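# Per-entry structural report
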Amino acid sequence: MSPLRYQKHLRLLSARRQLLAGDATAAQVAHTVGYTSATQFSREYRAFYGLPPVQDITRVRASTTFRDGCRSDEGAVDQAVSMSRSR
């Protein structure tokens with residue numbers, strides 16, 4: 001993996017974690033991780049993870065397990081990291 005690709009990978013991984021935390025919109029996260037264009041961020045995110053940011057986060061959150069009526073988010077971040085490493 002080239003240094004530029006590795007940097008992009010780290011930026012997208014950071015973005016995914018921030019989106020999973022639910023504290024910001026995709027456009028805000030794009031800016032936070034260094035993208036000047038939310039459109040470019042969305043395009044690269046989709047190319048890397050296979051879905052646009054909002055759809056991907058919705059899918060990851062839906063795949064988390066429920067225990068005693070409370071959602072366990074531990075698996076969501078681990079799954080996100082594992083999926084990104086497999087690319």
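The structure contained in this document is the topic of the report that follows. (Residues numbered from 1 in each chain as written. Predicted model: local features only at pLDDT ≥ 70, side-chain atom pairs only at ≥ 80, totals over all residues. Heavy atoms only, no water.)

## Remarks on helix α4 (residues 53–62)
Along α4, the residues classified as buried are Pro53, Asp56, Ile57 and Val60. Each buried residue of α4 lies within a common arc of 95° when the element is viewed along its axis, so the set occupies one face. Set apart from the buried face of α4 by more than 90 degrees, the exposed residues are Val54 and Ala62. (Buried < 20%, exposed > 50% of the residue type's maximum accessible area, 1.4 Å probe, protein only. Helix = DSSP H or I, 4+ residues; strand = E, 2+ residues; numbered from the N terminus. Arc of directions from axis to C-beta.)

## Focus: helix α3 (residues 38–49)
Compared with an ideal rise of 1.5 Å per residue, which puts twelve residues at 16 Å, α3 spans 16 Å between its outermost C-alpha atoms and is within 8% of the ideal. Listed as buried for α3 are Phe41, Glu44, Tyr45, Phe48 and Tyr49. Here the buried residues of α3 occupy an arc of 115° about the axis, which is enough to place them on one side. What points out from α3, more than 90 degrees from its buried face, is the exposed set Thr39 and Ala47. One side-chain oxygen of the residue at the start of α3 lies 3.3 Å from the amide nitrogen of threonine 39, identifying that residue as serine 37. Phi turns positive, to about 90°, at glycine 50, one or two residues after α3. (Expected span 1.5 Å × (residues − 1). Polar contact = N/O pair within 3.5 Å; in protein donor to acceptor, adjacent residues only side chain to side chain.)

## Some thoughts on the packing of helix α1 (residues 3–21) against α3
For the pair α1 and α3, interaxial distance at closest approach is 11 Å and the crossing angle is 95°. With respect to α3, the element α1 is oriented roughly perpendicular. In this structure, α1 contributes Lys8, His9, Leu12, Leu13, Ala15, Arg16 and Leu19 to the contact, and α3 contributes Phe41, Glu44, Tyr45, Phe48 and Tyr49. When its residues are assigned to classes, the contact of α1 with α3 shows eight nonpolar, one polar and three charged. (Axes fitted to C-alpha atoms, helices over the stretch in contact; angles between N-to-C directions. Parallel < 35°, antiparallel > 145°, perpendicular 65-115°, else oblique. Contact = heavy atoms within 4.5 Å. Nonpolar A, V, L, I, M, F, W, Y, C, P; charged D, E, K, R; others polar.)

## Remarks on the pattern of salt bridges
Within the structure shown, the criterion is met by three salt bridges. The partner of arginine 16 in a salt bridge is aspartate 56, with the nearest N and O atoms 2.8 Å apart. Taken together, the positions of arginine 16 in helix α1 and aspartate 56 in helix α4 put the pair 40 residues apart, joining distant regions of the chain. In this structure, arginine 16 and aspartate 56 share a single accessibility class: buried. In this structure, arginine 59 engages aspartate 56 in a salt bridge whose closest nitrogen and oxygen atoms are separated by 2.8 Å. Highlighted residues: arginine 59 and aspartate 56, both in helix α4, separated by three residues, approximately one helical turn. In this structure arginine 59 comes out as partly exposed when scored by relative accessible area, which is 31%. (Salt bridge = Lys/Arg side-chain N within 4 Å of Asp/Glu carboxyl O.)

Note that all results are geometric; they support no functional claim without further evidence.
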